[in-house]
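A structural walkthrough
The primary structure of each chain is shown beneath.
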Amino acid sequence: MYEKKIDSVVKASNVFDMIEARKRNSSFSAFISSFGKYIVYLLGIILILSVVSFIAVKIMLSPVDGFTPKQLAVNAGVAVSDEIPLSMTTAIFPKTEVYYHGVRVGEYSGDDIAVSGVLSHFNIELGENDVVNHNMDDGLFYGMTIRVDEVYYKEKIVETVIPFDIVEIESQTVPKGTRVVETEGVMGSSQKVVNVKYVNGEIVEESEASDRYIAPVNEVVYIGVGGVFIAPDGTKYNYSYYLDVTATAYTHTGDPTYMGTVAEVGVIAVDPRNIKLGSNVYVIGGYGDYGLCRAEDIGGGIKGKRIDVFLDTEEECVRFGRRKMRAYVME
């Protein structure tokens, strides 16, 4: 009796375990069923996105203005391998900054793929002095900056004045106490020709092209100091200056001298620009002395360093002829 009760309890326990096992199997099947639905939804979304992406890439990679998608990608700075399928390349139109004569004119992000197209977009026409920092057919790339600079050159002369010196020379051929400029002084100069490079109106570089030196001409000044002349008879004369002259002779004409005096031996005709009228003059030469005389007359042919000495007769004048002499003008 007792054993039958135990056997009934065991059977009842087995039935209970079977019921619990069925419940667990049912919950797991429900979980698997629910998870499968989410997987299907996710795969559907991925498929839809893949199709949309494929269509978008096809549209972007269609040829533009005769250029293939691969060319567009290369010009845009994107490295493209020959082994990568065309559908894997990417066409990029980067932003490009543009400057004209140092001023930023804008930023370009259109579909032109060369520098020339960008300049045309901004209506930039190149002048004869304009320089572009890229070739006109260069392609655009990421971070690119296009600059159109106005470049020109000018010559600049840098001149330095070099003063002249004054050379003073004591002389017995100019009146004592006077200064006579024999040679005018001329300033010299140092001239440097410099090539100046301008970019957009600003100096960016200077280079010396040539150097020219002009030497100054010194001014020469004679200062009269006078001197002492000793005549053949031993007499000393203080003179102001002397002149080396060409001497001829003249005789009586019946006319008075230019100073209104009587023409006689001891009178000479002079050029008043060299010997003042009324001056006492001692004339001496290799053919003999004429001696101490007075400048009182002038003559039509007596110009410059020439004198005419008075003699009593024509015969004496002929014998005198033309002589080189020295005339000491007394103080």
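All of the points below concern the structure found in this document. Numbers given to residues run from 1 along each chain, matching the order in which its sequence is written. Given that this is a predicted model, residues contribute local features only at a pLDDT of at least 70 and side-chain atom pairs are listed and counted only at 80 or more, while totals for whole chains, interfaces and linings are drawn from all residues. Here the side-chain values reflect all heavy atoms present in the structure, with hydrogen atoms and water set aside.

1. Section: the pairing of strand E4 (residues 145–162)
Pairing geometry for strand E1 (residues 96–100) and E4, over four bridges, is parallel. Bridging from a neighbouring strand, tyrosine 100 pairs with valine 148 of E4. Between any two strands, pairing holds if DSSP finds at least two bridges. A run of H or I in DSSP becomes a helix once it reaches four residues, and a run of E becomes a strand once it reaches two; helices and strands are each numbered from the N terminus. Direction of pairing for strand E3 (residues 130–132) relative to E4: antiparallel, over a ladder of three bridges. Paired with aspartate 130 across the strands is glutamate 150, a residue of E4. Bridge analysis of E4 against strand E7 (residues 188–199) gives 12 bridges, and the strand direction is antiparallel. Pairing of glutamate 155 across the sheet is with asparagine 195, part of E7.

2. Some remarks on the side chain of aspartate 308
Of note, aspartate 308 is situated in strand E15 (residues 306–310). Exposure classes here rest on a 1.4 Å probe applied to the protein chains alone. A residue is buried below 20% of its type maximum, exposed above 50%, and partly exposed in between. Just so you know, the count uses Lys and Arg for positive and Asp and Glu for negative, and it drops His and the chain ends. What makes a salt bridge here is a side-chain nitrogen of Lys or Arg within 4 Å of a carboxyl oxygen of Asp or Glu, nothing more. Look at aspartate 308: it is buried, it has no salt bridge, and the nearest opposite charge is arginine 306 at 5.4 Å. In the analysis that follows, any N or O atom pair within 3.5 Å is treated as a polar contact, provided that within protein one partner can donate a hydrogen and the other can accept it, and provided that, for residues neighboring in sequence, both atoms belong to side chains. In terms of polar contacts, aspartate 308 uses its side chain to reach the side chain of threonine 248, at 2.6 Å. Separated by 3.2 Å, the side chain of aspartate 308 and the backbone nitrogen of alanine 249 make a polar contact. When neighbours within four sequence positions are excluded, aspartate 308 is seen to be in contact with Thr248, Ala249, Tyr250, Val267, Ile268, Ala269 and Ile302. In this analysis, two residues are considered to be in contact whenever any of their non-hydrogen atoms come within 4.5 Å of each other.

3. Describing the packing of aromatic side chains
For Phe, Tyr and Trp, rings pair up if their centres lie within 6.5 Å, where Trp contributes its six-membered ring, and each pair is then called stacked (planes under 30 degrees apart), edge-to-face (over 60) or tilted (otherwise). Counting across every chain of the model gives nine aromatic pairs. Judged by centre distance (5.1 Å) and plane angle (10°), the rings of tyrosine 152 and tyrosine 198 are stacked. Within this pair, whereas tyrosine 152 is found in strand E4, its partner tyrosine 198 is found in strand E7, the two being separated by 46 residues in sequence. On the numbers, 4.9 Å between centres and 65° between planes, the contact of tyrosine 239 with tyrosine 328 is edge-to-face. Of the two residues, tyrosine 239 is situated in strand E11 (residues 236–250) and tyrosine 328 in strand E16 (residues 323–330); the sequence distance between them amounts to 89 residues. Note on accessibility: tyrosine 239 and tyrosine 328 belong to one class, buried.

4. Regarding the pattern of salt bridges
Evaluation of the coordinates by the stated rule reveals eight salt bridges. Across the pair glutamate 97 and arginine 104 runs a salt bridge whose closest N-O atoms are separated by 3.5 Å. Relative accessible area serves as the criterion here: at 41%, arginine 104 is assigned to the partly exposed category. Across the pair arginine 326 and aspartate 244 runs a salt bridge whose closest N-O atoms are separated by 2.7 Å. Placement of the pair is arginine 326 in strand E16 and aspartate 244 in strand E11, with a sequence separation of 82 residues. Overall, aspartate 244 belongs to the partly exposed group, its relative accessible area being 43%. Via salt bridges that share partners, Glu97, Arg104 and Glu107 belong to a single interconnected network.

The values are spatial; any link to function lies outside them.
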